Amino acid sequence: MTAIYFLTLACLVVAGYFIAAKRAQSLRAGPGGALHSLPTYHGLLAAVALIVPMILVFAIGTPLVKQLATSSVFNFFPPEIANDPLQRGVVLRDVSNLLDGRHQGDPSAALRDAAASYAGIFTTGRLAVLGIGTALGLLALFLVLSRISSTFRARNYFERFVIAVLILCALVAILTTIGIVFSVVWETYRFFFDPSLKGRPSVSEFLFGTEWNPQAALRADQGDIKTAFGFIPLLTGTLLITFIAILVAGPLGLFSAIYLSEYATPRFRAWAKPVLEILAGVPTVVLGFFAALTVAPYIRGWGESFGLDVASESALAAGLVMGMMIIPFISSLSDDVINAVPQSLRDGAYALGATKSETIKKVILPAALPGIVSAFMLAISRAIGETMIVVMAAGLAANLTFNPLEAVTTITVQIKTILVGDQEFDSAKTLAAFALGFVLFFVTLVLNIIAQQIVRRYREQYD
Amino acid sequence: MTDLTAGTATPPIRRRVDITSPEAQAAIRRRYRAEARFKAYGLLAILTAAVFLTVLLVDVGTKAFPAFTTHSLQLDVAIPNDLVAPEQKNDPVAIRTADYLPVMRDTLRTAIPGVQGRGPERTLIRLISTGAADDIRERIVANPALIGTTIKAPLLLSDDADLYFKGAGTPIVVRPSRGVATPSDTSGSITITAPGNDFSENLVSVKLVMAERANALLADAERTSRSTAPNAAERAAELRKEATELAARANDRTAAETLDSRLPSLLVGINGGLVKISQLAADRIEGDVLLPLSSTNESQAGNWRILTYTTPESSRKITDLEVALLERFKANAQVERSFNWRFFTSGDSREPELAGIRGAIVGTALTLIVTLILCLPIGVAAAIYLEEFAPKNRFTDLIEVNINNLAAVPSIVFGLLGLAMFLNFFGLPRSAPLVGGLVLALLVLPTIIIASRAALKAVPPSIKEAALGVGASHQQAVFHHVLPLAMPGIMTGTIIGMAHALGETAPLLMIGMVAFIVDVPGGITDAATVLPVQIYLWSDLPELAFQAKTAGAIVVLLVFLFVMNGTAIWLRKRFERRW
């Protein structure tokens with residue numbers, strides 16, 4: 001049916017385009033003389049006039065028909081089935097199986113009637129959608145055709161339509177943000193304030209609790225469920241791994257940026273830049289595999305040779321590899337800001353007899369400091385939000401520790417652990433993941449906004 | 001005198017630095033050393049990154065190598081006439097549902113005669129994969145005339161057997177004999193006597209291992225006695241006692257020894273069979289027959305051998321019997337190594353030797369197609385609007401700030417969006433490439449918008465102005481002149497964005513693309529998985545063979561990424577224009 005609808009649409013559009021263009025073309029030779037718009041624009045406008053109502057009818061009509069057909073099914077069943085979401089699902093699956101001829105055994109009379117009613121409404125409804133869509137499209141087409149004249153401003157109308165489409169596309173970015181905010185904020189609100197939710201924590205318990213154990217909340221009869229959603233161990237775990245990552249990536253990234261922008265010969269740059277770009281392009285799941293299967297056992301063995309007790313999922317392994325992931329990030333951002341420092345500052349320092357490293361340390365780095373700080377903030381935000389490396393190489397146990405040799409867990413690991421697998425949207429456990437997502441979104445957003453502000457102010461200073 | 005002092009009262013203070021003085025020279029040298037050091041730090045930082053990348057790629061590459069080959073047994077498979085009832089000989093359903101296990105068992109029994117008893121037989125049948133019977137089945141379904149004939153077919157080995165031939169087994173040391181030996185029986189538990197003291201060297205090395213073990217136990221006891229744990233003293237005493245006993249046995253050079261699975265396995269190959277030693281003395285052994293002997297005749301010096309499987313049985317995945325069987329197959333030249341096509345042509349499986357990445361690749365392709373169809377037009381349209389048509393006002397600023405922020409939102413948050421919006425609110429199917437594509441499209445949209453804007457900005461304004469000058473409308477100027485010139489840049493940005501989407505895992509986990517899916521997806525609403533998620537799933541599995549599969553899938557993913565990024569670089573080089 002969908003195929004027939006769009007085939008009709010395509011045929012009508014092609015026909016409408018050529019009819020309108022032809023008509024405009026014929027006017028050109030006629031008594032009116034020159035057209036306001038090229039015939040092409042008349043054709044395009046006719047096509048648009050067809051497409052818009054037909055797509056709208058389809059987008060509204062198809063779900064509507066499905067809804068109608070579905071609700072008709074439950075007229076044949078007692079209300080307790082219709083009100084139970086689980087049984088509803090079973091009935092609907094039975095109906096669709098019956099219609100596809102895959103139903104096992106002998107269907108009940110109610111089921112057969114329901115299926116017949118479903119099929120009837122579905123077919124009629126879709127035919128109606130096709131009819132209404134075609135009718136509206138043709139109506140719009142004739143409206144356009146009737147207005148075609150040498151003074152008809154077809155191009156202006158069409159261009160107005162194009163601008164509307166462009167604006168809509170640009171709005172997708174805003175819609176995405178709204179969607180993110182809406183989905184995390186709503187579920188977070190339910191997590192904290194929905195009275196029907198069992199085992200929900202208060203905001204202060206969440207923010208200052210030192211025990212994280214979402215699983216306990218499912219078994220309300222066991223243990224102290226109130227303390228299960230303490231956020232502190234996740235925060236310390238995330239910060240510990242981020243700290244290790246920045247400790248690795250900060251100096252390495254900054255020094256590579258300095259070397260590349262101040263010392264490297266063009267030939268060396270041509271060789272080193274792609275290396276960093278490839279490193280930046282390695283998928284995080286690959287880095288996670290490397291961290292879990294190569295780096296972690298190596299660190300463990302190394303620790304054992306010193307008599308240290310290293311967890312097999314140590315924070316150190318995850319942090320080290322994450323640091324390696326961030327090197328290109330810090331390096332390329334710092335490279336940009338170092339290159340943006342005016343040459344006159346360098347020349348001034350050289351004229352005073354400073355060596356290159358003295359110039360860098362005493363002149364360039366202080367001048368580029370705001371940019372470098374913002375690069376570090378973006379890197380931190382990146383490390384906090386990184387998922388796969390920690391999922392594969394860091395642990396699940398929420399230990400409250402700052403020892404890099406122990407296993408810690410992070411916000412992203414917990415979100416992933418909670419949401420992969422079975423989920424019911426009325427358990428505190430599932431909603432806790434959205435609360436964590438909200439924290440993650442909020443923290444990274446703040447870091448990014450501050451970093452962007454710093455960069456903007458800094459740019460104005462030298463422009 | 002006084003005049004003179006008054007005349008030179010306050011000379012201007014001027015510090016003169018004599019740069020030739022030793023101190024100044026030292027200071028300059030110090031500064032130059034600092035300079036060299038600083039430069040070296042920079043170089044070191046870049047080299048560290050390069051070394052890390054190299055180690056990463058080499059490590060994954062070496063781990064991936066075994067995934068691309070596979071071993072199978074080239075055996076003569078006799079398809080019995082009674083596989084299906086005579087009247088059903090051309091009925092594909094009957095052929096498909098027939099029991100192929102007896103066929104496999106008979107084939108293996110014929111290949112290695114003399115393996116008896118339920119245990120050894122089961123070991124034998126477990127050497128080949130469950131997929132081997134399916135291969136035979138497919139061949140017979142395709143050609144029912146094969147029933148009643150004997151075909152030469154490769155039987156896929158199981159993952160552990162396959163890994164054995166890829167070096168995860170044990171080194172085998174073979175030592176020829178010096179004297180004669182006589183076995184007491186041809187099967188079961190037997191004794192072999194070798195009056196020439198052929199086994200004395202083995203006994204010595206076993207005693208050495210025991211002495212080492214005794215020392216280790218003593219050290220352990222020492223450590224335990226120092227610990228503060230309760231009953232540490234008792235435990236230490238126990239350990240010491242054990243150590244003393246072991247040491248006494250080790251010192252008695254001639255006493256017979258019982259071998260356990262923590263010691264290297266010792267075997268005797270005699271009269272065409274193989275005996276695993278359980279009791280070892282210098283001139284006689286007791287042991288169990290793994291492969292039956294042909295006779296109890298006395299074997300002359302040089303005709304029989306002592307084999308050592310150096311890796312103890314407890315520290316490898318396969319037993320001595322399995323090693324013996326596989327070695328026998330190898331000796332019969334029935335083991336064949338081939339390129340693992342199955343890895344590219346089949347879907348996921350619980351059996352490592354049957355698992356492939358075709359399902360994941362198709363899922364990835366479907367997902368990326370959805371992503372591309374959505375984000376290329378929307379991204380380019382948004383970029384055109386913001387770069388060419390947007391008025392300078394708060395609303396435009398808002399959009400721009402939004403895009404910049406979205407570019408830095410963690411990818412897992414997009415997964416939450418997909419879960420809450422697309423799955424729960426709009427009720428789209430779980431695990432489907434459609435939803436995956438939608439989420440990834442939103443994820444890479446900022447990248448594509450930013451890249452497209454840069455490409456549009458790089459087109460000189462003179463081109464647009466010329467078009468406007470000859471009477472084009474603003475839109476005509478943009479769509480007919482600016483956009484085509486910006487296209488290479490937009491394409492480069494798009495490919496880089498798609499490469500980013502290809503490597504993305506976390507948001508897809510959120511929308512349920514982690515399900516175990518065997519079938520290759522047929523459409524964008526079928527349940528599917530993608531390559532990075534497949535990598536993640538496999539990396540979690542305990543079987544050693546899946547580690548190679550994971551690395552193999554990573555290599556495929558990296559190859560795709562390099563091809564995409566390479567294309568982007570080529571496009572940039574080929575079409576880049578400087579005005």
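Residues numbered from 1 in each chain as written. Chains lettered and ligands numbered in written order. Predicted model: local features only at pLDDT ≥ 70, side-chain atom pairs only at ≥ 80, totals over all residues. Heavy atoms only, no water.

## Some details on the overall build of chain B
The helix and strand tally for chain B stands at 20 helices and 11 strands. The C-alpha radius of gyration computed for chain B amounts to 37 Å, which surpasses the reference 25 Å derived for 579 residues by more than 25%, pointing to a less compact arrangement than a globule. In terms of principal-axis extent, the alpha carbons of chain B reach across some 115 × 115 × 50 Å. Relative to its 579 residues, chain B shows a buried fraction of 47%. Across chain B, contacts joining residues at least 24 apart in sequence account for 74% of those joining residues at least 6 apart. Per element, the accessible surface of chain B, about 28,300 Å² overall, is 58% carbon and sulfur. Within chain B, the 54 negative side-chain charges are centred at a point lying 10 Å from the centre of the 56 positive side-chain charges. (Helix = DSSP H or I, 4+ residues; strand = E, 2+ residues; numbered from the N terminus. Rg over C-alpha atoms; globule rule 2.2 N^0.38 Å. Buried < 20%, exposed > 50% of the residue type's maximum accessible area, 1.4 Å probe, protein only. Contact = heavy atoms within 4.5 Å. Areas by Shrake-Rupley, 256 points an atom, 1.4 Å probe, with all protein chains shown as cover. Lys, Arg positive; Asp, Glu negative; His and termini not counted. Charge placed at Lys NZ, Arg CZ, Asp CG, Glu CD.)

## Topic: the environment of B:Pro144
Residue and element names in this part refer to chain B. Inspection of the secondary structure assignment puts Pro-144 in the loop between helix 6 (130–142) and strand 2 (150–156). Look at Pro-144 and you get partly exposed, because its relative accessible area is 23%. C-alpha separation for the pair Pro-144 and Gly-273, spaced 129 residues apart in sequence, amounts to 39 Å. The contacts of Pro-144, once residues within four sequence positions are left out, are Lys-89, Asn-90 and Ile-95.

## Remarks on the pattern of salt bridges
In this structure the tally under the stated criterion is 19 salt bridges over all chains. When the shortest N-O distance is used, the salt bridge between B:Glu388 and B:Lys464 registers 2.8 Å. With a gap of 76 residues between them, B:Glu388 in helix 12 (residues 358–389) and B:Lys464 in helix 16 (residues 461–469) connect regions that are remote in the sequence. Judged by its relative accessible area of 13%, B:Glu388 is buried. A network of salt bridges, in which partner residues are shared, links A:Arg269, A:Lys273 and A:Asp335. (Salt bridge = Lys/Arg side-chain N within 4 Å of Asp/Glu carboxyl O.)

## Section: the packing of aromatic side chains
Considering all chains together, one arrives at 30 aromatic pairs over all chains under this definition. Summarising the aromatic geometry, the rings of A:Phe158 and A:Phe161 are spaced 6.5 Å apart at their centres and angled 35 degrees between planes, so their arrangement reads as tilted. Of this pair, A:Phe158 and A:Phe161 both sit in helix 6 (residues 154–193), 3 residues apart, which is roughly one turn of that helix. Overall, the relative accessible area of 13% leaves A:Phe158 in the buried class. Aromatic pair B:Phe339 and B:Phe344: ring centres 6.1 Å apart, planes at 5 degrees, arrangement stacked. (Phe/Tyr/Trp six-rings, centres within 6.5 Å; stacked < 30°, edge-to-face > 60°.)

## A closer look at the side chain of A:Glu159
Checked against the element boundaries, A:Glu159 lands in helix 6. In this structure, A:Glu159 is in contact with A:Tyr41, B:Ser473, B:Gln475 and B:Gln476, ignoring residues within four places of it in sequence.

## Brief notes about the domain arrangement of chain A
How big an interface is tends to be stated in terms of accessible area lost as the parts join. For chain A, the assigned domains read domain 1 (2–152) and domain 2 (226–462). A straight line from the C-alpha centre of domain 1 of chain A to that of domain 2 of chain A covers 51 Å. (Domains from an automatic or database assignment.)

## Here's the deal with the interface of chain B and chain A
The interface of chain B with chain A comprises 73 residues on the first partner and 79 residues on the second. Taken over both partners, the interface formed by chain B and chain A buries close to 6,700 Å², and the fraction arising from carbon and sulfur atoms is 78%. On the chain B side of the interface with chain A, the three residues burying the most area are B:Phe38, B:Ile46 and B:Phe52, jointly 11% of the side's total. Where chain B meets chain A, there are 1 salt bridge. One salt bridge connects B:Arg31 with A:Glu358, and the closest N-O pair in it is separated by 2.8 Å. Across the contact surface, chain B and chain A share 13 residue pairs in polar contact (both at pLDDT 80 or more). Of the residues forming the side of chain B that touches chain A, the biggest block, 22 residues, is contributed by helix 2 (residues 22–64) of chain B. Partitioned by chemical class, the residues of the side of chain B that touches chain A number 53 nonpolar, 14 polar and 6 charged. (Buried area = accessible area lost by both parts, 1.4 Å probe. Polar contact = N/O pair within 3.5 Å; in protein donor to acceptor, adjacent residues only side chain to side chain. Nonpolar A, V, L, I, M, F, W, Y, C, P; charged D, E, K, R; others polar.)

## Notes on the domain arrangement of chain B
Residues and elements named next belong to chain B. Each assigned domain of chain B is listed with its residue range as follows: domain 1 (67–167), domain 2 (170–315) and domain 3 (358–575). Summed over both partners, the interface of domain 1 with domain 3 comes to about 420 Å²; 83% of that surface belongs to carbon and sulfur atoms. Its largest share of buried area at the contact with domain 3, domain 1 owes to Ala-67, Phe-68 and Leu-163, together 82% of the area lost on that side. Seen at the junction of domain 1 and domain 3, the total is 0 salt bridges. Taken together, the links from domain 1 to domain 3 amount to 0 residue pairs in polar contact (both at pLDDT 80 or more). Looking at side-chain class alone, the side of domain 1 that touches domain 3 contains 3 nonpolar, no polar and 1 charged residues.

## Regarding empty space enclosed by the protein
Following the criterion strictly, the structure yields 3 cavities of 30 Å³ or more and no others. Put simply, the largest cavity is a space of about 100 Å³. Surrounding the largest cavity, 14 residues form its lining, B:Pro66, B:Asp162, B:Lys166, B:Ala545 and B:Lys549 being those nearest its centre. If you list the elements that add at least two residues to the lining of the largest cavity, you get strand 1 (69–78), helix 7 (159–168) and helix 20 (544–575) of chain B. With 4 residues, helix 7 of chain B is the largest single contributor of residues to the lining of the largest cavity. Considered class by class, the residues forming the lining of the largest cavity number 6 nonpolar, 3 polar and 5 charged. Composition of the lining of the largest cavity by domain shows at least three residues from each of domain 1 (67–167) and domain 3 (358–575) of chain B. The calculated volume of the second largest cavity comes to roughly 60 Å³. Residue lining of the second largest cavity: A:Met1, A:Thr2, A:Ile4, A:Tyr5, A:Phe58, A:Thr62, A:Arg126, A:Val129 and A:Leu130, and that is the complete set. Elements represented by at least two residues in the lining of the second largest cavity include exactly helix 1 (2–29), helix 2 (39–73) and helix 5 (109–147) of chain A. (1 Å grid on protein atoms, 1.4 Å probe; cavity = no way out; pocket = protein on both sides within 12 Å on 5 of 7 lines; lining within 4 Å. Points joined across faces, edges and corners; volume = space filled by probe spheres on them.)

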